[in-house]
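Breakdown of the fold
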Amino acid sequence: MKRRLLGAWLAGLVIFAVAPANAQTPPPVAPGPTTTAPVSPSPPAPEDEDQEALGFVLPATAEVTPPLVLMGYVDVGFAAAEGDGTSYPAGDTRLPADYGVDPFAPAVNSRGDVASTDAGNLFVNGFLPRSAQIGGRPSFLLNTVNLDARYLSARSPVMVFTRLQFLPRWGGRGRGNQTSLLVEQAFGRVTPITGTEFFISAGKFDSVFGIEYLENQANFRTGITPSLFARYTTGTSLGIKAFYRIQVAPLWSAFSLNTAATNSGAFVEALQPPDVSLTGRPVISARLGYELNLRKVQVKLGGSGLFGPRNDQRDPDARQTMWGADARLYLYGVSLSGEWVDVDEDLGAVGKETGQGGYPIASPFAARGFWLQAAYGWRAGLGPLTALSVYTRYEERRASFEGFRPLRVARLTGGLRVDLWDALILKGEVLFNQELEGAPNVDNDVVTSSVVFSW
Amino acid sequence: IIPEIWLHFDVLWLQPWYVLVTAWDERNPNANRLKDPAMMNANVPPVWDVGPRSLFYSPFWVVFYAVVPPGTAPERYRSAERIFDDGLEVHQGPAIIYSVRPDDVVFDTDPVHPHLNKPTSNIGQAPASWVDGERIAYFNEGGNNFRWDPIKLEVEEVPLFFFHRRNEAGVLVPLPAAPVMGSGPLFGRRPPDAPNLRPRFGAYSRFHIAVVSPTAEVFEPDEQPEAVAALQAKGIDPNVYKGRVASNGRKVAETDRVCFTQPEFPASCTWLDSQARVEDSVGTQNIVRTEVSACSPLVFYGGKGIGR
């Protein structure tokens, strides 16, 4: 099933029109307490003096969003991976087994879970994603059961948001069924200055690095699987965040600054635990963004940085540093987006801790590369068929653990998305993983699909 | 000899070491080594991937013989990646110790026993191997001198006891004694496995502090002329006992008898010269595990050097 990248690129690149709206949407929270009915400041009639203290009168037909809103989705998938579902070459006994390959490559769902991380009895050192434990066997998967609750106070500029996710999984040989309840997000947000886009949040929230975190959730993501860099940039973490956006109307532009101080930065929880600081020092991250919003053209540019102690060990002087640049272009219906990321980690103290357990060594590490995505969506408006989208993504990642041979891997992803009504999304995707340098070629391509029911 | 030391490592693993052969001979795996005509038909250097800059570098290797077509260009295989990509037939061989070295770190002469002045094992010194395309020299400390788990590829450690005594202030003070190499896991009671005087232990050891009693003493020939004379009278080289610790070598109580001065010497001494004797003498509470471990292959055993 292995394909040459060039041939697959030419066969898979089909460009139509319109960007999927999801890539443009802000984080999935209301922008402020202004989504209630508009204020109508007419002087009260005598018979309305009882309501005078409220300061406004709602029109009789006004629809009022309730303060508490429950939302969510269910992501069901079917996936098949080549080989044994891992990136480990047969017969390779180099240790740690996860250092000489990219274990994140055979992804099967929007969480970035892979088909398998089973290295047999070989030692691994915690550079591993979460696993769906399907190996090389096609399987249905209940990827995520997501429950969101949002409370928007009518009397104060405060919003509270929680996101809980149930993750039913097979634990692997001899371990039985394991269902996790993940508190993906839980935060409160204050808008201290009414009428501005200035928000201060505290709790557990999305990353502020780059743009891919915007598509963390299956119902927002254009395709199915995340990029090879999502492991570094899309993790949620616990801390405080400030966001400010200012419109410059004469320039049809806006500038924004999103900054956070958190326990773990932007790495996913499988690599760095977000719920506690192991070093006692926060990780600082920020993104500076620019938007050009013309009638038929939108350009969004951003630069991101992250600095602080790596939160998979206990030495506060063992740094993790990341730099990134992102761009999005919406041009007459075509959506182009991409990101470049540079990651560096110092040698950590003895004892490494990840979201999956403890390991002996926090090795120095470096990675850099990019992803580029092109998408076209056609708003059908044909009965239940709301939209039809095709997309393709190409990415390259070069990475190395100190003393290990540097790896250069690439991936070509292509897929189709069908939106039915406003509550059902069907997606199908193919991943062609390629080991360009430093790692033996393995059969680790994936075919996967996702059905997302949302409410 | 101790070419490598680790700090804060609980486990050490074997890494793969690839030797290129043009045909597989199970009885003599090295018989068909790929040759380099440009280097006077010297063997093409072996290939391995986990370099010395990695904290997972290990001098303990499992040798794999990769079968290449005769006439293969010597420079084709300089990383394990190419061996896998070409789908070469690979056969597992023995476990062996190779320690990388800078080119200018060599043995000008074979090492000799520091007390007995006898030759020890001759250490092989190879000029080249390939690690991730980079040439690096190495020592060959031989094989079949350690145990390992064939499933987990973990090297078995044995204790290496360094003797200490508490001084009057209660502070541990090292004794000027030769350390004692264990032959199996701590308190495992495994007898020494040394067929034909080639020990299958000792190559990977963890330093342990053995706190001896106040009556223990190191035998120093220069300080015990009577004992030296007794040994010489029996045709024994006194340096054989130099640096050994006797648990009854020092007088503390009035009833203590210093074993060095007894007519039955050396039989009068309770020597702490084996793992079992150390464990029995000092007990569990006086053996302290440290965070230091070492590649420490034995080069002299049973009175003579160990052949590679």
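Refer to the structure above for everything that follows.
Residues numbered from 1 in each chain as written. Chains lettered and ligands numbered in written order. Predicted model: local features only at pLDDT ≥ 70, side-chain atom pairs only at ≥ 80, totals over all residues. Heavy atoms only, no water.

1. Focus on the pairing of strand β18 (residues 446–454) of chain A
Residue and element names in this part refer to chain A. Side chains Val 446, Thr 448, Ser 450, Val 452 and Ser 454 of β18 all project onto a buried face; the interleaved residues Val 447, Ser 449, Val 451 and Phe 453 project onto a face where none is buried. Where strand β1 (residues 68–81) meets β18, nine bridges bridge the pair, whose relative direction is antiparallel. Across the sheet, Ala 79 pairs through a bridge with Thr 448, a residue of β18. (Buried < 20%, exposed > 50% of the residue type's maximum accessible area, 1.4 Å probe, protein only. Helix = DSSP H or I, 4+ residues; strand = E, 2+ residues; numbered from the N terminus. Pairing = 2+ DSSP bridges.)

2. Considering the side chain of Arg206(B)
Residue and element names in this part refer to chain B. Among the secondary structure elements, Arg 206 is positioned in strand β13 (residues 204–211). Reaching out from Arg 206, the side chain makes a polar contact with the side chain of Glu 157 at a distance of 2.9 Å. Not counting residues up to four positions away in its chain, the partners in contact with Arg 206 are Phe 9, Asp 10, Glu 157, Val 158, Pro 159, Leu 160, Arg 289, Thr 290, Glu 291, Val 292 and Ser 293. (Polar contact = N/O pair within 3.5 Å; in protein donor to acceptor, adjacent residues only side chain to side chain. Contact = heavy atoms within 4.5 Å.)

3. Comments concerning the state of the cysteines
Residues and elements named next belong to chain B. A full pass over the atoms with the stated rule returns one disulfide over all chains. Here Cys 259 connects covalently by a disulfide to Cys 269, the sulfurs 2.0 Å from one another. Between Cys 259 and Cys 269 the sulfur-sulfur dihedral comes to about 90 degrees; the bridge is accordingly right-handed. Highlighted residues: Cys 259 in the loop between β15 (245–246) and α3 (275–282) and Cys 269 in the loop between β15 and α3, separated in sequence by 10 residues. When sorted by exposure, Cys 259 lands in the same class as Cys 269, which is buried. (Disulfide = S-S within 2.5 Å.)

4. Describing the pattern of salt bridges
A full pass over the atoms with the stated rule returns 41 salt bridges over all chains. Of the charged contacts, one joins Glu156(B) and Arg190(B) as a salt bridge, the two residues approaching to 2.6 Å between their closest N and O atoms. Of the two residues, Glu156(B) sits in the loop between β9 (134–143) and β10 (158–166) while Arg190(B) sits in the loop between β12 (180–181) and β13, which places them 34 residues apart along the sequence. The network of salt bridges with common partners includes Glu396(A), Arg398(A), Arg408(A) and Glu437(A). (Salt bridge = Lys/Arg side-chain N within 4 Å of Asp/Glu carboxyl O.)

5. Some thoughts on the packing of aromatic side chains
The description of an aromatic ring pair rests on the distance of the ring centres and on the angle between the ring planes. The tally for this structure, following the rule as stated, stands at 45 aromatic pairs over all chains. Measuring from ring centre to ring centre gives 6.2 Å for Phe229(A) and Tyr232(A), while their planes differ by 55 degrees; the resulting arrangement is tilted. Pair check on accessibility: Phe229(A) and Tyr232(A) agree, each one buried. Here the aromatic rings of Phe219(B) and Trp271(B) are separated by 6.4 Å at their centres, their planes lie at 90 degrees, and the arrangement is edge-to-face. Residue Phe219(B) is found in the loop between β14 (217–218) and α2 (225–233), and its partner Trp271(B) is found in the loop between β15 and α3; the two are separated by 52 residues along the sequence. Of the two residues, Phe219(B) and Trp271(B), neither departs from the other in class, the shared state being buried. The structure contains a cluster of three or more aromatic residues connected by ring pairs, namely Tyr99(A), Phe104(A), Phe123(A), Phe127(A), Phe229(A), Tyr232(A), Phe267(A), Phe365(A), Phe401(A), Phe404(A), Trp13(B) and Phe56(B). Directly above the aromatic system of Trp130(B) lies the positively charged group of Arg78(B), at a separation of 3.8 Å from the ring centroid. Above the plane of the ring of Phe139(B) lies Arg101(B), whose end atom (NZ or CZ) is 5.2 Å from the centre. (Phe/Tyr/Trp six-rings, centres within 6.5 Å; stacked < 30°, edge-to-face > 60°. Lys NZ or Arg CZ within 6 Å of the ring centre and 35° of its normal.)

6. Considering unusual backbone geometry
A negative phi holds for most residues other than glycine; trans holds for most peptide bonds. The omega torsion of the bond from Leu95(A) to Pro96(A) falls at 0 degrees, within 30 degrees of zero and hence cis. On the secondary structure map, Pro96(A) appears in the loop between β1 and β2 (139–152). Of note in this structure, Trp421(A) is not a glycine but carries a positive phi near 50 degrees. Along the chain, Trp421(A) turns up in the loop between β16 (407–420) and β17 (424–437). The exposure class of Trp421(A) is exposed, given its relative accessible area of 54%. The phi angle at Asn196(B) is positive, at roughly 55 degrees, despite the residue not being glycine. Topologically, Asn196(B) is positioned in the loop between β12 and β13. Using a relative accessible area of 73% as the deciding quantity, one classes Asn196(B) as exposed.

7. Topic: the pairing of strand β1 (residues 4–7) of chain B
Both faces of the sheet carry side chains from a regular strand, because those side chains alternate between them. Residue and element names in this part refer to chain B. Side chains Glu 4 and Trp 6 project from β1 onto a buried face, and the interleaved Ile 5 and Leu 7 project onto a face without burial. Where β1 lies against strand β16 (residues 287–295), four bridges are found, and the strand directions are antiparallel. Looking at β16, one finds that Leu 7 is bridged to Val 292.

8. Examining α3(B)
Residues and elements named next belong to chain B. Taken together, the buried positions of α3 are occupied by Gln 275, Val 278, Glu 279 and Val 282. Taken around the axis of α3, the buried residues stretch over an arc of 95 degrees, which confines them to a single face. In the stretch just after α3, Gly 283 is the one whose phi turns positive, near 80 degrees. (Arc of directions from axis to C-beta.)

9. Some thoughts on α2(B)
All names here are of chain B. All of the buried residues along α2 are Ala 227, Val 228 and Leu 231. Down the axis of α2, the sector holding all buried residues measures 100 degrees, keeping them to one side. Opposite the buried face of α2, at more than 90 degrees from it, the exposed residues are Pro 225, Glu 226, Gln 232 and Ala 233. Of the residues trailing α2, Gly 235 is marked for its positive phi of about 75 degrees.

10. Some words on the nonpolar core
Within the largest apolar cluster, 59 residues are counted, with the highest numbers of intra-cluster contacts made by Phe127(A), Tyr232(A), Met322(A), Leu20(B), Phe56(B), Phe60(B) and Phe146(B). Of all elements in the fold, only β11 (334–345), β14 (365–382) and β15 (385–401) of chain A together with β2 (15–21), β6 (60–67), α1 (80–85) and β7 (89–101) of chain B reach the threshold of two or more residues within this core. Ranked by residues supplied to this core, first place goes to β6(B) with four residues. With sequence-adjacent residues up to four places away left out, Phe60(B) is seen in contact with Trp6(B), Leu12(B), Trp13(B), Leu14(B), Gln15(B), Ile96(B), Ile97(B), Phe146(B), Val155(B), Ala203(B), Tyr204(B) and Cys295(B). Trp17(B), Val63(B), Val67(B) and Ile136(B) belong to the second largest nonpolar core, which has 16 residues in total. (Core = buried A, V, L, I, M, F, W, Y, C linked by side-chain atoms within 4.5 Å.)

11. What about the environment of Pro282(A)?
All names here are of chain A. Residue position: Pro 282 is located in the loop between β7 (253–262) and β8 (283–293). On the accessibility criterion, Pro 282 (45% relative accessible area) is partly exposed. Once residues lying within four places of it in the same chain are set aside, the contact partners of Pro 282 are Ala 261, Thr 262, Gly 308 and Pro 309.

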